[in-house]
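Tertiary structure, described
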Amino acid sequence: MNAEQNHLLNAFSGAPEIDLQTVTVIYENWSARMRAKALMNGVGAQAEIYEHFELKDWSFESLWEPQNLADAVATACDSLIVILSATHLGDLPRVVNQWLSGWWEAKNHLPAALVALEDEDKMNDSATAAALARLRNAARAHGIELFCKQQFAPDPQIVPQNRLRKLQFPSF
């Protein structure tokens, strides 16, 4: 098990039995989709709770269809974990920003975590830093914890409401 899977697994250790949890994945391409699925597959397999996760995913391209966009927003609202996986977080299409805004505005009272994944060769550029700052500020304003390669601990300004407080990602 790698480091990010271990930290996600720790989010569920000691927690009451988890009912089926929907994990929403919004991905740019096949490689980004596989990165997100590998994260959740590893966590589920190691914890022997794989059957408790249901991954629902949409490609960036599919979000241009209004019904897909609405479905992705609705699913994210009921998800404990939402994964945004891209080649470059600093270059997200307008429709992905619409999806994020829709999720944040419609989000129910449940706490949630947004996990931002991107290709390693883009991790330290200025566009990514700016995008992460925007994501962090918006997530904080809506009570969502943001986890990404550059930030490996939960935002201390978010009041812990459940086991999400234990969710930590190292720089992976």
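This structure is a prediction, so every number in the text was calculated from the model and none was measured.

**What to know about the layout of surface pockets**
By volume, the largest pocket is sized at about 160 Å³. Lining the largest pocket are L89, G90, L92, N97, L100, S101, W104, A131, R134, L135 and A138. Mapped by element, the contributors of at least two residues to the lining of the largest pocket are α4 (94-106) and α5 (126-141). Looking at the lining of the largest pocket residue by residue, the classes come out as seven nonpolar, three polar and one charged.

**Brief notes about the pattern of salt bridges**
Using the criterion set out here, one finds two salt bridges in the structure. Note that D57 and R33 form a salt bridge whose closest N and O atoms lie 2.6 Å from each other. Here the residue D57 occupies a position in strand β2 (residues 53-59), and R33 occupies one in helix α2 (residues 30-47), the gap between them amounting to 24 residues. Look at D57 and you get partly exposed, because its relative accessible area is 23%. When its relative accessible area of 23% is taken as the criterion, R33 is described as partly exposed. R35 is the partner of D119 in a salt bridge, and the nearest nitrogen-oxygen pair spans 2.2 Å. In this pair, D119 sits in the loop between β4 (112-118) and α5 while R35 sits in helix α2, placing the two residues 84 residues apart along the sequence.

**Describing the pairing of strand β1 (residues 21-27)**
Working note: regular strand, side chains alternate between the two faces of the sheet. Taken across its seven residues, β1 has seven buried, putting it largely inside the fold. Residue alternation in β1 divides its side chains into two sets, Q21, V23, V25 and Y27 and T22, T24 and I26, and both sets are buried. Across seven bridges, β1 lies against β2 in parallel orientation. Following the sheet pairing, V23 is matched in β2 by L55. Of the strand pairs in this sheet, β1 and strand β3 (residues 81-86) are connected by five bridges, and their pairing is parallel. Each residue of the ladder has a partner; that of V23, found in β3, is I81.

**Some remarks on the environment of G143**
In this fold, G143 is placed in the loop between α5 and β5 (144-148). Counting along the chain gives 36 residues from G143 to K107, while the straight-line C-alpha distance between them is 9.5 Å.

**What about the packing of helix α3 (residues 66-77) against α4?**
Between two packed helices, both the angle of their axes relative to each other and the distance between the axes serve to describe the pair. It is at 9 Å that the axes of α3 and α4 come closest, and there the two elements cross at 45 degrees. Looking at the two axes, α3 sits oblique to α4. By crossing handedness, the relation of α3 to α4 is classed as right-handed. Residue-level contacts link L69, A72, V73, A76 and C77 of α3 to V95, Q98, W99, G102, W103 and A106 of α4. Split by residue class, the contact of α3 with α4 holds nine nonpolar, two polar and no charged.

**Points about the packing of aromatic side chains**
Where two aromatic rings form a pair, the distance of their centres and the angle of their planes describe that pair. All chains considered together, the criterion is met by two aromatic pairs. Pairwise contacts between aromatic rings join W99, W103 and W104 into one cluster. The ring of Y27 carries the charged tip of R33 above its face, separated from the ring centre by 5.7 Å.

Quick notes on the rules
Residues numbered from 1 in each chain as written. Predicted model: local features only at pLDDT ≥ 70, side-chain atom pairs only at ≥ 80, totals over all residues. Heavy atoms only, no water. 1 Å grid on protein atoms, 1.4 Å probe; cavity = no way out; pocket = protein on both sides within 12 Å on 5 of 7 lines; lining within 4 Å. Points joined across faces, edges and corners; volume = space filled by probe spheres on them. Helix = DSSP H or I, 4+ residues; strand = E, 2+ residues; numbered from the N terminus. Nonpolar A, V, L, I, M, F, W, Y, C, P; charged D, E, K, R; others polar. Salt bridge = Lys/Arg side-chain N within 4 Å of Asp/Glu carboxyl O. Buried < 20%, exposed > 50% of the residue type's maximum accessible area, 1.4 Å probe, protein only. Pairing = 2+ DSSP bridges. Axes fitted to C-alpha atoms, helices over the stretch in contact; angles between N-to-C directions. Parallel < 35°, antiparallel > 145°, perpendicular 65-115°, else oblique. Left-handed = near helix turned anticlockwise from the far one by under 90°. Contact = heavy atoms within 4.5 Å. Phe/Tyr/Trp six-rings, centres within 6.5 Å; stacked < 30°, edge-to-face > 60°. Lys NZ or Arg CZ within 6 Å of the ring centre and 35° of its normal.

By themselves these figures say nothing about function.
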